[in-house]
Amino acid sequence: MQLENDLRHAIERQELQLHYQPIISLETLEVVGCEALIRWEHPKRGWVSPSQFIPIAEETGLIQPIGEWVLRSACQTLRRWQLMFPDGQPAFMSVNLSTYQLTNPQLVNKVQSILEETGCDPYRLKLELTESTIAEYAEIVVPQMRELSQLGIKLCIDDFGTGYSSLSRLYHFPIHTLKIDRSFIEGIDESHDKLKIAYAIVNLAHTLGLEVIAEGVETPEQMAVLQAWGCQLCQGYLFSKAVDSQKMEKFLSQGRIMLSATETLREWQRFAQEIERLIKPLEKGCPGKVNPNIHIA
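Residues numbered from 1 in each chain as written. Predicted model: local features only at pLDDT ≥ 70, side-chain atom pairs only at ≥ 80, totals over all residues. Heavy atoms only, no water.

Peer 1: What exactly am I supposed to notice about the overall build of the chain here?
Peer 2: Within the chain, the secondary structure is distributed over 13 helices and 9 strands. Residue burial in the chain is summarised as follows: out of 297 residues, 50% are buried. Excluding contacts between residues fewer than 6 apart, the proportion of contacts in the chain whose partners are at least 24 apart in sequence is 71%. Within the structure as shown, the chain displays about 14,500 Å² of accessible surface, and the carbon and sulfur contribution to it stands at 48%. (Helix = DSSP H or I, 4+ residues; strand = E, 2+ residues; numbered from the N terminus. Buried < 20%, exposed > 50% of the residue type's maximum accessible area, 1.4 Å probe, protein only. Contact = heavy atoms within 4.5 Å. Areas by Shrake-Rupley, 256 points an atom, 1.4 Å probe, with all protein chains shown as cover.)

Printed below as a string of structure tokens:
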């Protein structure tokens, strides 16, 4: 109850923050975007995990003002980056929408108002939706998805593979990106079953003409397997945890994040051999090969 009460005042007291996890191109290792993630620095408790306060926000309805604050703050930051890096790669930002936001009939008007207020380029904004929400509230959500897409906003299905969306309807959704859930990524270099599921999702996305983001990439082995399949983008601790805006701006100015010095050429050769062993049982027509030009510091 105390946490709920404190959360009600967290926005006005400016205790909420956005951190940003870089999203990397697997072809070039360049930083092409990021995901905005909410953080709460409580004056007495310190950092409070989102897993603690997000359920409270959803139960009490506070998720609506918090979600609006996240979207507005993300758009303000995107606008600042547009001005800071006018000649650089136009980085995008992914923002998660809750079920409560998606089922709000005023969602599109609210998003449009925030875009106009902040001057944010809608083509740089990517909104993430869970497939379970789309499936459960399709009559409300899908029309709003179409309107958001018409504004130029890219739509992404988050945690794909963990929900229950109909594949026959997936083709008709106005989506641009599938994000593979981390639960599949964390086991692709150890579990043949997870390897096959992740491989199937990547190929499904390619068949539908969709972009693929793999989240939770933590090892060079995982990165190389995904790169061999033609997965376009990834994010995870291999490159960086979620960081504050200043650190993220440094990544954007550098253009890329180099892997740590411990990932030596010897290690690269070792896991390249492991990749070949893992890929062999899959279909012979596996697209692409491991890019020998990837640079590891």
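Peer 1: What is the right way to look at the pairing of strand β1 (residues 16-25) in this model?
Peer 2: Look at any regular strand and the pattern is simple: side chains alternate between the two faces of the sheet. Burial of β1 is extensive: 9 of the 10 residues sit out of reach of the surface. With 9 bridges joining them, β1 and strand β2 (residues 31-42) adopt antiparallel strand pairing. Across the sheet, residue H19 finds its bridge partner in β2, namely L37. Hairpin connection, β1 to β2: the antiparallel pair is bridged by 5 residues, and L29 has positive phi, about 65°. Relative to strand β9 (residues 233-235), β1 runs antiparallel, the two sharing 2 bridges. Within β9, the position partnered with I24 by the bridge is C234. (Pairing = 2+ DSSP bridges.)

Peer 1: What am I meant to see in the packing of helix α5 (residues 107-118) against helix α7 (residues 138-150) here?
Peer 2: The axes of two packed helices give the description: the angle between them and the distance between them. Close contact between α5 and α7 brings their axes to 9 Å; oriented N to C, the two are set at 20°. Between α5 and α7, the crossing angle belongs to the class labelled roughly parallel. Relative to α7, the crossing made by α5 is right-handed. In this structure, α5 contributes L107, V108 and V111 to the contact, and α7 contributes Q144, E147 and L148. Considered class by class, the residues forming the contact of α5 with α7 number 4 nonpolar, 1 polar and 1 charged. (Axes fitted to C-alpha atoms, helices over the stretch in contact; angles between N-to-C directions. Parallel < 35°, antiparallel > 145°, perpendicular 65-115°, else oblique. Left-handed = near helix turned anticlockwise from the far one by under 90°. Nonpolar A, V, L, I, M, F, W, Y, C, P; charged D, E, K, R; others polar.)

Peer 1: Looking at this structure, I do not really get the environment of L208. What am I missing?
Peer 2: Within the secondary structure, L208 is located in the loop between α10 (192-207) and β8 (211-215). On the basis of relative accessible area, L208 is assigned to the partly exposed category, the value being 23%. Sequence separation of L208 and Y171 is 37 residues, and the distance between their C-alpha atoms is 6.7 Å. Apart from residues no more than four positions distant in its own chain, L208 is found in contact with L170 and Y171.

Peer 1: Looking at this model, I keep getting lost on unusual backbone geometry. Mind explaining?
Peer 2: Excluding glycine, most residues fall at negative phi; most peptide bonds, likewise, are trans. With a phi angle near 60°, Q14 is a residue other than glycine that sits in the positive phi range. Along the chain, Q14 falls in the loop between α1 (2-8) and β1. For L29, which is not glycine, the phi dihedral falls at a positive 65°. Here L29 lies in the loop between β1 and β2.

Peer 1: Sorry, what's going on with the packing of aromatic side chains here?
Peer 2: Describing an aromatic ring pair means giving the distance of the ring centres and the angle of the ring planes. According to the stated counting rule, one finds 3 aromatic pairs in the structure shown. When the centroid spacing of 5.5 Å and the interplanar angle of 85° are considered together, the rings of W40 and F53 count as edge-to-face. In this pair, W40 is assigned in strand β2 and F53 in helix α2 (residues 50-60), connecting sequence segments 13 residues apart. The class for F53 is buried, based on a relative accessible area of 0%. Directly above the aromatic system of F92 lies the positively charged group of K126, at a separation of 4.7 Å from the ring centroid. (Phe/Tyr/Trp six-rings, centres within 6.5 Å; stacked < 30°, edge-to-face > 60°. Lys NZ or Arg CZ within 6 Å of the ring centre and 35° of its normal.)

Peer 1: Any chance you could explain α2 here in plain terms?
Peer 2: At 3.6 residues per turn, the α-helix brings residues three or four places apart onto the same side. Within α2, burial applies to F53, I56 and A57. In an axial view of α2, the angular spread of the buried residues amounts to 100°, which keeps them on one side of the axis. Those residues of α2 that are exposed and angled more than 90 degrees off the buried face are S51 and E59. (Arc of directions from axis to C-beta.)

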